[in-house]
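Examination of the molecular architecture
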Amino acid sequence: MTIELKQIIEAVLFSAERPLTTRQLRGILAEAVDEDNPGLIEPFRNVREAQIAAALEELKTAYELNQHAFQLVEIAGGWRLVSRPTYAPWLKKLLDEARPYRLTPPSLETLSIIALRQPICRADIAAIRGVEVDGVVKTLLEKDLITIVGKSDAPGRPMLYGTTQKFLEHFGLRSLEDMPRATELKLRAAALKTEQPPPAAEDEFAADDDDDDDDDDYDDEEHDE
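Report on the accompanying structure. As the structure is a computational prediction, the values presented were derived from the model and not from experiment.

1. As for the overall build of the chain
Looking only at helices and strands, the chain features eleven helices and four strands. Burial status across the chain gives 35% buried among its 225 residues. Counting only carbon and sulfur atoms, one obtains 50% of the accessible surface of the chain, whose full area is about 13800 Å².

As structure tokens, this is what we get:
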């Protein structure tokens, strides 16, 4: 049996639990070991990233042309095999018991603010939202969607927060530039800097007076694939 580069990449991506970059794939190819059949892996030890990128594009195109139930997508700077949104109803049923927790609307808003303004401290998040955010920030930290990225130079040296790799992976984002509603959040950020009242957007960003700690689950319906 003759093994092609794209077949190896396909097998690796199928088994991977996280997106893999072309650099990571190259490392896997270079460090693979097969004591029983060393001649099988030797031809792929010195594969260049450009060759891997070309193989990825071939796989992506093949999945599209053959209308597979899965697709190859770029997420969080890497590549991953995921199911197509069309099959979400059946996959939701299958994975219902193992689905991750949902986030309440206050937590989603807080997470969006952190993603756009990072690095950002709790006081600035609270100023944008108009409510205390200690409970929400704690929940987001526990879910590994945000992390502490440093300390501010402001008095008291408050902690600064930013999003994690898991944030990009879960929401299917290649980078933070893919975030939805960035324009609205930028307007609010600009309003905070100029100490002007934020623009009216009550339908999307109304402050929630409910308990921010009630983060039972978070919504991943858009990324069940």
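2. Section: the pattern of salt bridges
In this structure the tally under the stated criterion is six salt bridges. As a salt-bridge pair, lysine 6 and glutamate 58 come within 3.5 Å of each other at their nearest N and O atoms. Residue lysine 6 is located in helix H1 (residues 5–15), and its partner glutamate 58 is located in helix H4 (residues 49–65); the two are separated by 52 residues in the primary sequence. Classification of lysine 6 by relative accessible area gives partly exposed; the value is 29%. Classification of glutamate 58 by relative accessible area gives partly exposed; the value is 45%. Aspartate 153 serves as the salt-bridge partner of arginine 157, at 3.6 Å between the closest nitrogen and oxygen. Judged by relative accessible area, aspartate 153 falls into the exposed class, the value being 72%.

3. A short note on helix H6 (residues 105–117)
Helix length check: H6 (13 residues) gives 18 Å between terminal C-alpha atoms against 18 Å at 1.5 Å per residue, within 8%. Residues of H6 that are buried: Pro106, Ser107, Glu109, Thr110, Leu111, Ile113, Ile114, Ala115 and Arg117.

4. Some details on the nonpolar core
Formed by 23 residues in total, the largest nonpolar core has its most connected members in Leu111, Ile114, Leu140, Ile146 and Phe167. Counting residues per element, the ones that place at least two in this core are H6, helix H7 (122–129), helix H8 (134–142) and helix H9 (165–170). Ignoring any residue separated from it by four or fewer positions in sequence, one finds isoleucine 146 in contact with Leu111, Ile114, Val137, Leu140, Leu141, Tyr161, Gly162, Thr163 and Thr164. Counting 16 residues, the second largest nonpolar core, distinct from the first, contains Leu29, Ile52, Leu59 and Leu72.

5. A closer look at unusual backbone geometry
Omega for the bond connecting glutamine 118 with proline 119 falls within 30 degrees of zero, at 0 degrees, which places this linkage in the cis form. Relative to the assigned elements, proline 119 resides in the loop between H6 and H7. The backbone of glutamine 67 sits at a positive phi, close to 55 degrees, despite the residue not being glycine. Phi at arginine 157 takes a positive value of approximately 50 degrees, unusual for a residue other than glycine. Owing to a relative accessible area of 45%, arginine 157 belongs among the partly exposed residues under this scheme.

6. Some points on empty space enclosed by the protein
Summed over the entire model, instances satisfying the criterion amount to one cavity of 30 Å³ or more. Its volume calculated, the largest cavity comes out at about 30 Å³. Taken together, Ile8, Ile9, Val12, Leu25, Ile28 and Leu29 make up the full set of residues lining the largest cavity. Elements supplying a minimum of two residues to the lining of the largest cavity: H1 and helix H2 (22–31). Here the residues of the lining of the largest cavity are counted per class, giving six nonpolar, no polar and no charged.

Reading the values: the criteria
- Residues numbered from 1 in each chain as written.
- Predicted model: local features only at pLDDT ≥ 70, side-chain atom pairs only at ≥ 80, totals over all residues.
- Heavy atoms only, no water.
- Helix = DSSP H or I, 4+ residues; strand = E, 2+ residues; numbered from the N terminus.
- Buried < 20%, exposed > 50% of the residue type's maximum accessible area, 1.4 Å probe, protein only.
- Areas by Shrake-Rupley, 256 points an atom, 1.4 Å probe, with all protein chains shown as cover.
- Salt bridge = Lys/Arg side-chain N within 4 Å of Asp/Glu carboxyl O.
- Expected span 1.5 Å × (residues − 1).
- Core = buried A, V, L, I, M, F, W, Y, C linked by side-chain atoms within 4.5 Å.
- Contact = heavy atoms within 4.5 Å.
- 1 Å grid on protein atoms, 1.4 Å probe; cavity = no way out; pocket = protein on both sides within 12 Å on 5 of 7 lines; lining within 4 Å.
- Points joined across faces, edges and corners; volume = space filled by probe spheres on them.
- Nonpolar A, V, L, I, M, F, W, Y, C, P; charged D, E, K, R; others polar.

In short, geometric facts, not functional conclusions.
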